[in-house]
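# Working through the structure, step by step
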Amino acid sequence: MEARVVLDPRAARTLLDPQARRCLEPFLGRTLGVAEAARQSGVPADALAYRVRVLVGLGLLGEVGSRARAGRPVRLYAAPARLSAPFAALPAEDLEAFFTALDAAPRALALRGLAGAASRGPVTGWHLHLYRDGQGTARLDFAPPSSGDAEGVLLGPEAPAVALNWLPLALTPDEAKALQAELHALLGRYAGRVGAAPTHLLGLLCAPVPEGGKGPG
């Protein structure tokens, strides 16, 4: 069982469940009994046995034989080495949760680095601003202490190499595709600098605004 495409929405959603994945992962591309999988996953054997029955019912795991032992034989289970589910099999809210989880660790690391950079160098003189904008909405933002050129300060030689911008754009489909190509080209320029000891994190995100949604700011 090398690979399987999961089309059942219930099974596809199971792949996004951290606890279910923890129980399934020991079986990927391997044949194990419940007790062996419990030791590898750190899940109690009784709880794992219940999960195994659920996973078998969903078609993610299969009973493939048994191993002789004193008393009852040990049932053996295996899963394909690779399980994949098309996005079309998943509700939008589940995909949003998946992308949120995927983004969480690098985003948290980048924001921690941004906060550290903001606490030293030229940007230490910047201020938080709580104010009411021209539309009557209260906002919290940050800016240089004077009305000077914020971009010029950030791009100055003494400022840390950081960027944090959200731009609510009004683009035609062709313009959006052109922007996508530019962002991919930018990533390609620096792809060769990926290493075991990174000094900076670069993250790019461009997506359509959901219907009824509003841009930031």
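Residues numbered from 1 in each chain as written. Predicted model: local features only at pLDDT ≥ 70, side-chain atom pairs only at ≥ 80, totals over all residues. Heavy atoms only, no water.

Counting its secondary structure elements, the chain contains seven helices and seven strands. Ordered by position in the sequence, the α and β elements of the chain form the string β-α-α-β-α-α-β-β-β-α-β-β-α-α. In terms of C-alpha radius of gyration, the chain reaches 25 Å, well past the compact-globule figure of 17 Å for 217 residues. Counting the 217 residues in the chain, one finds 20% classified as buried. (Helix = DSSP H or I, 4+ residues; strand = E, 2+ residues; numbered from the N terminus. Rg over C-alpha atoms; globule rule 2.2 N^0.38 Å. Buried < 20%, exposed > 50% of the residue type's maximum accessible area, 1.4 Å probe, protein only.)

The three strands lie next to each other as β2-β4-β3, forming an open sheet whose pairing is antiparallel. Strands at the two margins of the open sheet, each flanked by one partner only, are β2 (31–32) and β3 (62–67). Sheet analysis places β3 next to strand β4 (residues 74–78), joined by five bridges and oriented antiparallel. Across the sheet, Glu63 pairs through a bridge with Tyr77, a residue of β4. (Pairing = 2+ DSSP bridges.)

All right, on to the pattern of salt bridges then. Per the counting criterion, the structure on display carries seven salt bridges. Here Asp94 makes a salt bridge to Arg13, at a shortest N to O gap of 2.4 Å. With Asp94 in helix α5 (residues 92–118) and Arg13 in helix α1 (residues 9–14), this pair connects stretches of sequence that are 81 residues apart. Arg13 sits in the partly exposed class, given a relative accessible area of 43%. (Salt bridge = Lys/Arg side-chain N within 4 Å of Asp/Glu carboxyl O.)

Taking 1.5 Å per residue, 13 residues should reach 18 Å; helix α4 (residues 45–57) reaches 18 Å between its end C-alpha atoms and fits that length. Within the span of α4, buried status applies to Leu48, Val52 and Leu55. The arc that holds the buried residues of α4, viewed along the axis, is 70 degrees, so those residues lie on one side. Facing away from the buried side of α4 by more than 90 degrees, the exposed set consists of Asp46, Tyr50, Arg53 and Gly57. After α4 finishes, the residue Gly59 shows a positive phi value of roughly 80 degrees. (Expected span 1.5 Å × (residues − 1). Arc of directions from axis to C-beta.)

Right, let's talk about the pairing of β4 for a bit. Buried residues dominate β4, accounting for four of its five residues. With two bridges joining them, β2 and β4 adopt antiparallel strand pairing. Paired with Thr31 across the two strands is Ala78, which belongs to β4. The turn joining β3 and β4, which pair antiparallel and follow one another in sequence, is formed by six residues; a positive phi near 90 degrees is taken by Gly71.

This part is about α5. Ala104 marks where α5 bends most, by close to 40 degrees; the proline Pro106 follows one to four residues later. The complete set of buried residues in α5 reads Asp94, Leu95, Gly116 and Ala117. Next to the buried residues of α5 lie α1. (Bend = angle between axes of the 7 residues up to and from the residue. Contact = heavy atoms within 4.5 Å.)

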